[in-house]
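A look at the structure
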Amino acid sequence: MEFSILVDSFYKMESTRKRLELTQFLVELFEKTPIEIISKIVYLIQGKLRPDFEGIELGVAERIAMRSISKSSGIPIKKIETEYRKGGDLGHAASIILEQKTQTTFLVEDITVERVYETLFKIAKLEGPHSQDMKMKYISSLLNDASPLEANYILKLLLGTLRLGVAENTMMDALAIAFSGDKDNRKILQHAYNVSSDLGKVAETIAIDGIEEIKKFKIILFNPIRPMLADRIKSEEEAIEKMGNAFAAEYKLDGERVQLHIEGEKMELFSRSLENISSYYPDIIEKIPKNIQVDNIIVEAEIVAINENTGKFLPFQELMHRRRKYKIEKAVTQYPITVNFFDILYCNGKSCLELNYKDRRRKLEESVKEDNFAKYIPMSIVTNKNEIEDFMENSINSGSEGLMLKLLDKPYQAGSRGSHWLKLKREYQNELGDSLDLVVIGGFFGKGRRTGSYGTLLLATYDEDEDVFTSICKVGTGFTDEDLDQLYQMLNPKVTIKKNPRIISEMKADVWFEPELVIEVVASEITLSPIHKAAMDKIRKETGLALRFPKFTGKIRVEKAVEDASTNEEIIALYKGQKKVAHDKNLM
Ligand code: ATP
């Protein structure tokens, strides 16, 4: 398939934000796509080469990209850099540079989607001492044969900056229309996606085998299942109102959620955002297979750091020591953990998603043996407010955050947040009612004791409609010296020359970061703001929302993708909730 066909679609899609138009462009593209490469097209539209959980990342550095453009155009790097600084988009800069070049050269051979994909794949796989040179060689060979517009998109793919604004749902609408003629089949595709986390695979199945095969789509061991999430509630009364008079209460442990896929000795671990995290937990890989009583299984657990002497759970940030590539053995002995199982999704070749909570819990206990390292999450069936309060107290005393409340007769709803699971945290009873997970977008250098680190960070919410990050506050309190050191180490490699176009902020930060890191903050209030951009125009014209007295809680949410950060919709709900509380108090 000619790459220019894909590029024309990219160009059209970039020019609109309207879902119906995007769907139409996608349908037209899918209809022109040979079915053997449909999965590749789906990944490329998402700016990827494979599903996220395979961890194949392009992420070519800007410097290498600029050198490759220079190599293939003969234009000096300085000039490319100047062009880049003008618009902040290296893909666009490359197309302008190459425009100048193609005016003097003969037309070159057409490039195909297959060739671009294979080359990008080779680049992503390169490592070792000569990899930079090889990357440049591959990139410039593509650019030599590319039209200026094609070069623009090749660079965006390479740098990971392609943003077409195609949500997964839009993609599934278009697949349903293109390959089954009925948009309503989206729901069936959704199920297949929820159990495989792989849109390319879903696309390939419907394109080659048709909708009937999608209906039979099964869980694939070692492909992560999209996790079930919980709604938040604020009180025991609300729990009873929403859940009736008998439901399960489990400790809400403050650790890292993990999905374990196991068959014999083979085992892979996936995080909440479906990243493969097996390498951080060699102790789990070594020990857990011995606890498994069945041939194959997918189970969910919360990994928690523990104090070996008291057996108490330690806070989430203790797990950060595991997030290192080297000296992991030392971290394993210094920062011991336990694995606390709470659900079973698959067992002996069969899905368990359709089983209700009670049956899943029973099956979990039959299939996994407990010991000092592998535990079941403490659970109790509660029937009234006193029992909830009592169990909540036990949970907090053990070092947990609160309770997860689960309906007894409900199945596991992969990939959805709903009211079958509710979370009740003690901290929700603070002023704002909840902590927020925000994206770090900018930094301000520290003074005095904080010299040499970022003393204050600029934070953003996620705007789901526009797929951008909108500033909401600066935070400079709550950091220990150790936190500041650690954040500096993590943020320094993310500093960019130009502000990423997905960052929406008019603040003047000392440095801008690639929006890649999420941290947790609490605040006293949400206020209207003339300077911050979160929920702009949603409550009042030309006004955004900001946090008052924000404070870092000590949690760097490495397990969260930036798209999982608090959204503007959630902020608006909290803002409205807080106004209602104030109103109700005034009436009392
Ligand atoms: P939070 O910020 O509260 O962790 P979240 O957005 O990460 O929320 P939620 O589904 O809203 O995810 O909250 C559930 C999280 O709580 C899970 O992702 C998991 O990490 C953790 N957790 C702790 N104990 C349990 C439990 N017993 N059952 C399910 N999840 C649990």
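Residues numbered from 1 in each chain as written. Predicted model: local features only at pLDDT ≥ 70, side-chain atom pairs only at ≥ 80, totals over all residues. Heavy atoms only, no water.

**Focus: empty space enclosed by the protein**
Worth spelling out the cut-off: Here a cavity means grid points, on a 1 Å grid over the protein atoms only, where a 1.4 Å probe fits yet cannot get out; a pocket means an open set of points with protein on both sides within 12 Å along at least five of seven lines; lining residues are those with an atom within 4 Å of a point. Grid points are joined across faces, edges and corners, and a volume is the space filled by probe spheres set on the points. The helix count covers DSSP runs of H or I at least four residues long, the strand count covers runs of E at least two residues long, and both are numbered beginning at the N terminus. As a working rule, the residues Ala, Val, Leu, Ile, Met, Phe, Trp, Tyr, Cys and Pro are called nonpolar, Asp, Glu, Lys and Arg charged, and the rest polar, with Gly in that last group.
Counted by the stated rule, this structure contains 1 cavity of 30 Å³ or more. What the largest cavity holds in volume is close to 30 Å³. Residue lining of the largest cavity: Pro 227, Arg 257, Val 258, Gln 259, Phe 270, Ser 271, Arg 272, Leu 274 and Glu 300, and that is the complete set. A per-element tally of the lining of the largest cavity places strand 3 (residues 256–263) first, with 3 residues. Here the lining of the largest cavity is composed, by residue class, of 4 nonpolar, 2 polar and 3 charged.

**So, the nonpolar core**
The condition is simple: By convention a nonpolar core is built from buried Ala, Val, Leu, Ile, Met, Phe, Trp, Tyr and Cys residues, the set being connected through side-chain atoms within 4.5 Å. The cut-offs for exposure are 20% and 50% of the maximum accessible area for each residue type, with area from a 1.4 Å probe on protein chains only; residues under the lower value are buried, those over the upper are exposed, and the others partly exposed. Domain start and stop positions are those given by an automatic or database domain assignment. We call two residues contacting when some pair of their heavy atoms lies within 4.5 Å.
One finds Phe 30 and Ile 45 to be the most contacted residues of the largest nonpolar core, which totals 109 residues. Both domains that furnish three or more residues to this core are identified here as domain 1 (48–159) and domain 2 (229–425). Residue contacts for Phe 30: discarding those within four places in its chain leaves Ile 38, Ile 41, Val 42, Ile 45, Met 171, Ala 174, Leu 175, Ala 178 and Phe 179. If you look at the next biggest cluster of nonpolar residues, it comprises 32 residues, including Met 320, Leu 438, Leu 484 and Val 511.

**Concerning the site of the ligand**
Put simply, the test is: A cutoff of 4 Å decides nearness: a residue is near a molecule or strand if any of its heavy atoms lies inside that distance of it. N or O atoms closer than or at 3.5 Å make up a polar contact, with two conditions inside protein: a donor-capable atom paired with an acceptor-capable one, and, for residues adjacent in sequence, both atoms drawn from side chains. Method for areas: the Shrake-Rupley scheme with a 1.4 Å probe, in which residue coverage is limited to the protein chains shown.
Taken together, 20 residues lie around the ligand, and Glu 250, Lys 252, Glu 302, Arg 417 and Lys 423 are the ones closest in. Here an oxygen atom of the ligand sits 2.7 Å away from a polar atom, N or O, in the side chain of Arg 417. Taking Lys 560, its side chain carries an N or O atom lying 3.2 Å from an oxygen atom of the ligand. Surface burial for the ligand is 95%, taken as the share of its 590 Å² of free accessible area covered by protein chains. Going through the elements one at a time, strand 1 (229–232), strand 2 (247–252), strand 10 (402–406) and strand 11 (417–425) are the ones with two or more residues in the shell around the ligand. Among the elements that line the shell around the ligand, the one with the most residues is strand 11, at 4 residues. Residue classes in the shell around the ligand are distributed as 8 nonpolar, no polar and 12 charged. Looking at the shell around the ligand, you find at least three residues from each of domain 2 (229–425) and domain 3 (436–587).

**Regarding the environment of Ala 124**
Looking at the secondary structure, you find Ala 124 in helix 7 (residues 113–125). Considered as a pair, Ala 124 and Gly 59 are 65 residues apart in the sequence and their alpha carbons are 7.9 Å apart.

**A few points about unusual backbone geometry**
Phi is positive for Ala 535, close to 55°, though the residue is something other than glycine. Note that Ala 535 resides in the loop between strand 19 (525–529) and strand 20 (544–548). According to the relative accessible area criterion, Ala 535 is buried, its value standing at 3%. A positive phi is found at Phe 549, a non-glycine position, where the angle reads about 50°. Checked against the element boundaries, Phe 549 lands in the loop between strand 20 and strand 21 (551–556).

**Thoughts on the domain arrangement of the protein chain**
Domain annotation of the protein chain identifies domain 1 (48–159), domain 2 (229–425) and domain 3 (436–587). Centre-to-centre, using C-alpha coordinates, domain 1 lies 33 Å away from domain 3.

**Points about the sheet that holds strand 10**
Put simply, the test is: Strands pair, by our definition, only if DSSP identifies at least two bridges between them. Angles shown run from 0 to 180 degrees and are taken between the N-to-C directions of axes, each axis being a line fitted to C-alpha atoms and, for helices, limited to the stretch in contact.
Strand order in the open sheet formed by 5 strands is 1-11-10-2-9, and the pairing between neighbours is mixed. This sheet does not close on itself; its edge strands, each paired only once, are strand 1 and strand 9 (379–382). Taken pair by pair, the neighbouring strands of this sheet meet at an average axis angle of 40°, ignoring direction. The sheet contact formed by strand 2 and strand 9 spans 4 bridges and is antiparallel. What sits directly across from Ala 249, in strand 9, is Ser 380. Helix 14 (residues 236–243) rests against strand 2, strand 10 and strand 11 of the sheet, and its axis sits at about 160° to strand 11. Contacts from helix 17 (residues 357–367) reach strand 2, strand 9, strand 10 and strand 11 within the one sheet, and its direction differs from that of strand 2 by about 50°.

**Observations concerning the pattern of salt bridges**
Note the following rule: Here, a salt bridge means any side-chain nitrogen of Lys or Arg that lies within 4 Å of a carboxyl oxygen of Asp or Glu.
By the definition in use, this model includes 42 salt bridges. Residue Lys 156 pairs with Glu 14 through a salt bridge whose shortest N-O separation is 3.7 Å. Of this pair, Lys 156 sits in helix 9 (residues 148–159) while Glu 14 sits in helix 1 (residues 3–14), and the two are 142 residues apart along the sequence. One salt bridge in this structure joins Asp 173 and Arg 19, with 2.8 Å as the shortest N-O distance. Of this pair, Asp 173 sits in helix 10 (residues 168–180) while Arg 19 sits in helix 2 (residues 19–32), placing them 154 residues apart in sequence. The exposure class assigned to Arg 19 is partly exposed, which follows from its relative accessible area of 41%.

**A few points about the packing of aromatic side chains**
For any two aromatic rings, the description comes down to two numbers: the centre-to-centre distance and the angle of the planes. Applicable threshold: Only Phe, Tyr and Trp rings are paired, with Trp represented by its six-membered ring, and only when their centres lie within 6.5 Å; those with planes under 30 degrees apart are stacked, over 60 edge-to-face, the remainder tilted. By definition, being over a ring means that NZ of Lys or CZ of Arg is both within 6 Å of the ring centre and within 35 degrees of the ring normal.
Taken as a whole and judged by the stated rule, the model has 12 aromatic pairs. Relative to Phe 270, the ring of Phe 53 has its centre 6.1 Å away and its plane inclined at 85°; by these criteria the two rings are edge-to-face. Of the two residues, Phe 53 is situated in the loop between helix 3 (38–45) and helix 4 (62–73) and Phe 270 in strand 4 (residues 266–270); the sequence distance between them amounts to 217 residues. The exposure class assigned to Phe 270 is buried, which follows from its relative accessible area of 2%. Among the aromatic residues, those joined into a ring-pair cluster are Phe 445, Tyr 454, Tyr 488 and Phe 513. Stacked on the ring of Trp 421, the Lys or Arg Lys 406 has its end atom at 3.8 Å from the ring centre. Between Lys 499 and the ring centre of Trp 512, over which it is positioned, the NZ or CZ distance is 4.8 Å.

**A short note on the side chain of Glu 250**
With respect to the helices and strands, Glu 250 occurs in strand 2. Residues contacting Glu 250, with those up to four places away along its chain left out, are Phe 342, Tyr 357, Arg 361, Ile 377, Pro 378, Met 379, Phe 391, Gly 402, Leu 403, Met 404 and Lys 406.

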